[in-house]
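Architecture at a glance
Chain residues, written in single-letter form:
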Amino acid sequence: MHPYRVFVSYFHNDGTIAARVVGHLRKIGMKPIWDENLRGGEDYRVQLEMDITFAHVFLPILTPESSVSLWVNQEIGYAKGKSVPVLPLAIGELPPEGFIDPLQTVGVNEDLSNLEQMLKPETVHRVVSSQETAPAVFECAELPHD
């Protein structure tokens, strides 16, 4: 299976959760992109826009805190506007709201004990493959020149 680029959006107070999700994504063969990838000395907003635009999947981590985060909500809107497939990951009982409301959420326990069971490579592949709206602005390739 192709190592999809998965942009992980999260509220900074949920950094421990995000780190575990990123570790899991790497373990299942994905290429997670998150703010740890930001390069110093460059405009971070431009970097975030590019990273979201060229992600195969946008994965917002939904928690009570992230639902009120301006950054997470703006990133969700940006991803939707760029037709990047969105795969919401809800921590605990938290239904999505706003533009991602109609999307099926992957729900995991608050302690992430079922993360491996709920977030599988097949899930990511299905989201990338099931473009029901406008096609994404990417082509699956390992290298840019491909």
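Bear in mind the structure is a predicted one, so any value in this text is a computation, not a measurement.

How each quantity is defined
- For every chain, the first residue of the written sequence is number 1, and numbering continues from 1 along that sequence.
- A pLDDT threshold of at least 70 governs which residues receive local features in this predicted model, and a stricter bar of 80 or more applies before side-chain atom pairs are shown or counted, although totals over entire chains, interfaces and linings include all residues.
- Calculation of side-chain values draws on the structure's entire complement of heavy atoms; hydrogens and water are dropped beforehand.
- Under the DSSP-based scheme used, a helix requires at least four consecutive residues in state H or I and a strand at least two consecutive residues in state E, with every element numbered from the N terminus.
- Whether a residue is buried, partly exposed or exposed follows from its accessible area with a 1.4 Å probe, protein chains only, as a fraction of its type maximum: under 20%, in between, or over 50%, in that order.
- Whether two residues are in contact is decided by their heavy atoms: any pair within 4.5 Å suffices.
- The arc refers to the directions leading from the helix axis to the C-beta atoms.
- Within the patch definition used here, like charges are joined within 9 Å and nonpolar side chains (Val, Leu, Ile, Met, Phe, Trp, Tyr) within 5 Å, considering only residues with over 30% relative accessible area and no salt bridge.
- Exposure was quantified through the Shrake-Rupley algorithm and a 1.4 Å probe, taking into account, for residues, occlusion by the shown protein chains and nothing else.
- Whenever a carboxyl oxygen of Asp or Glu lies within 4 Å of a side-chain nitrogen of Lys or Arg, that contact is scored as a salt bridge.
- In this text, buried Ala, Val, Leu, Ile, Met, Phe, Trp, Tyr and Cys residues form a nonpolar core when linked through side-chain atoms within 4.5 Å.

1. As for the environment of F7
Here F7 lies in strand β1 (residues 5–9). By relative accessible area, which is 2% here, F7 ends up buried. Spatially, the C-alpha atom of F7 lies 9.5 Å from that of V86, the residues being 79 residues apart in sequence. What F7 contacts, discounting residues up to four positions off in sequence, is I33, L48, D51, I52, A55, V57, F58, L59 and E75.

2. Notes on helix α5 (residues 121–129)
Since there are 3.6 residues in each turn of an α-helix, residues three or four apart along the chain are aligned in direction. The set of residues buried in α5 consists of P121, T123, V124, V127 and V128. Projected onto a plane normal to the axis of α5, the buried residues spread over an arc of 165 degrees and lie on a single side.

3. Some points on a nonpolar patch on the surface
A cluster of nonpolar residues, V46, M50 and F54, forms a patch on the protein surface that exposes about 270 Å² of accessible area. Along the chain, V46 falls in helix α2 (residues 44–53). Looking at V46, the relative accessible area reads 45%, which means it is partly exposed.

4. Details of the nonpolar core
Residues I61 and L89 are the most contacted members of the largest nonpolar core, which totals 26 residues. Secondary structure elements with two or more residues in this core: β1, α1 (15–27), β3 (57–62), β4 (89–91), β5 (106–108) and α5. Considering each element in turn, this core owes the most residues, five residues, to α1. Discounting chain neighbours no more than four positions away, the residues touching I61 are V8, S9, Y10, I17, A18, V21, S66, L89 and I91. Formed by 11 residues, the second largest nonpolar core is a distinct cluster that contains F7, I52, I76 and V84.

5. Remarks on the pattern of salt bridges
Following the criterion strictly, the structure yields one salt bridge and no others. The partner of E116 in a salt bridge is K27, and the shortest N-O contact between them spans 2.9 Å. Of this pair, E116 sits in helix α4 (residues 115–118) while K27 sits in helix α1, and the two are 89 residues apart along the sequence.

6. Observations concerning the side chain of T123
By the element assignment, T123 lies in helix α5. When near neighbours in sequence (up to four residues on either side) are disregarded, T123 contacts L87, V106 and M118.

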